[in-house]
Amino acid sequence: MSFSLRPLCMTLSISLLWLALAPVQAEDHKVQCIVPAKPGGGMDQTCKLAQQAMPASQMQINYLPGGVGAVAWSSIVAQRKNEPNTLVAYSGGSLLNLAEGKFGRSEANNVRWVAAIGTDYGMIAVRADSPYQNLRELMKAIKDKPSAVAIGAGGTIGSQDWLKMAQLSKQSKIDPKSLRLVAFEGGGESFTALLAGHVQAVSGDASEASLHAREGKIRVLAVLSDARLPGPLANVPTAHEQGYDVTWPIIRGVYMGPQVSEAEYQKWVSHFQTVMATPAFDEMRKAHGLYPFAMTGKTLSDYIERAVTNYRSQAQEFGLVR
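Residues numbered from 1 in each chain as written. Predicted model: local features only at pLDDT ≥ 70, side-chain atom pairs only at ≥ 80, totals over all residues. Heavy atoms only, no water.

Caption draft 1: Seen up close, the side chain of Ser207. Structurally, the position occupied by Ser207 is in helix H9 (residues 206-213). Filtering out sequence-adjacent residues up to four positions away, Ser207 remains in contact with Gly42, Asp120, Arg252, His288, Gly289 and Leu290. (Helix = DSSP H or I, 4+ residues; strand = E, 2+ residues; numbered from the N terminus. Contact = heavy atoms within 4.5 Å.)

Caption draft 2: The arrangement of the layout of surface pockets in detail. Counted as a void, the largest pocket has a volume near 270 Å³. Lining the largest pocket are 15 residues, and of these Pro249, Ile250, Ile251, Tyr303 and Tyr311 sit closest to its centre. Every element with two or more residues in the lining of the largest pocket is listed here: helix H5 (92-100), strand E4 (112-127), strand E9 (249-256) and helix H12 (297-317). Considering every element that reaches the lining of the largest pocket, the biggest residue donor is H12, with 5 residues. Class assignment for the residues of the lining of the largest pocket results in 10 nonpolar, 5 polar and no charged. (1 Å grid on protein atoms, 1.4 Å probe; cavity = no way out; pocket = protein on both sides within 12 Å on 5 of 7 lines; lining within 4 Å. Points joined across faces, edges and corners; volume = space filled by probe spheres on them. Nonpolar A, V, L, I, M, F, W, Y, C, P; charged D, E, K, R; others polar.)

Caption draft 3: Quick peek at the pairing of strand E1 (residues 31-35). Among the 5 residues in E1, 5 count as buried, and that is most of the element. Going residue by residue along E1, you find Val31, Cys33 and Val35 tucked away on one face and Gln32 and Ile34 tucked away on the opposite face as well. Looking at chain direction, E1 and strand E2 (residues 59-63) are connected through 5 bridges and run parallel. Bridging across to E2, Cys33 finds its partner in Ile61. Of the strand pairs in this sheet, E1 and strand E3 (residues 86-91) are connected by 3 bridges, and their pairing is parallel. Pairing of Gln32 across the sheet is with Thr86, part of E3. (Buried < 20%, exposed > 50% of the residue type's maximum accessible area, 1.4 Å probe, protein only. Pairing = 2+ DSSP bridges.)

Caption draft 4: Quick look at empty space enclosed by the protein. Enumeration over the complete set of coordinates arrives at 2 cavities of 30 Å³ or more. A volume near 260 Å³ is recorded for the largest cavity. Taken together, the residues that form the lining of the largest cavity break down as 5 nonpolar, 12 polar and 7 charged. Of the pockets and cavities examined, the second largest cavity occupies roughly 40 Å³. Every residue along the wall of the second largest cavity is listed here: Pro36, Gly69, Ala72, Trp73, Val88, Ala89, Tyr90, Ser94, Phe103 and Tyr255. Considering only residue class, the lining of the second largest cavity consists of 8 nonpolar, 2 polar and no charged.

Caption draft 5: Examining the nonpolar core more closely. With 53 residues, the main nonpolar core has Tyr90, Leu95, Trp113, Ile142 and Leu168 as its most contacted residues. Among the elements that take part in this core, H12 stands out by supplying 6 residues, more than any other. Leaving out residues up to four positions away in the same chain, Trp113 has contacts with Trp73, Tyr90, Leu95, Ala108, Val254, Tyr255, Tyr265, Gly297, Leu300, Ser301 and Ile304. In terms of nonpolar packing, the next biggest core, distinct from the first, is built from 29 residues, Cys33, Met43, Ala53 and Met256 among them. (Core = buried A, V, L, I, M, F, W, Y, C linked by side-chain atoms within 4.5 Å.)

Have a look at this one:
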């Protein structure tokens, strides 16, 4: 009989991490992380990672889908602007929607950006029994008959999942407006539709795909990263390797209301700085299919201002800014 010390070491590491965060735990008994989508997607993974970094009893996960993040954003900005124990998950897609005006007359500085806790990448996937073996075959099928290939995506025209396909289509000499996009409220629903055969492909995120790839139910045709990704998708070629100059990094993290006090805000900034400096968090982030990226406070707020400006420029190229 043999056994590994690794699970025991991980348990001890995480326990020590929780002890390091005792001040946060002792004061906050009703902390919640809002997932601005339905269960199962990347936003859900973000809150679960934040929850795992402290005792589960200290953080409750609630779901507030609608408008691909717009309902949660409006709730925090208008009705829950000063709740010190409410965090909301965001992604690069949230920043894109903000840049396109899908969150109304909002600007990046309308909320307090707490932390970016990891990065993800776009990917294109089909079912394991699909006839399409690579990205070129899928794009050729779309070019030959766009109506025959339904593509599941989190959000409607202008969403990041649509924009990934639009960029690939443009380089394949396909009119992006001809794409048969089926909009869902997050990646979890997209993959459910794919596995049920309601769509033939999914434009989504690598972290979401990793969960299904481990079970052998899907085939990821391409990852939209600069280089191949480690982990379950290590054998998946990049879009660039297949002749498409498209990359799509996606930061993931949490924000809070605009009128949360500076002291409460800084407490959470310090919380995540402490968490993300530990080897235990690196392992937890990896388990959620995310890749290293850590940024907090003002540095993050400045980064997001620049990111929103960049997304707005890309969206204007396709006439998507309201």
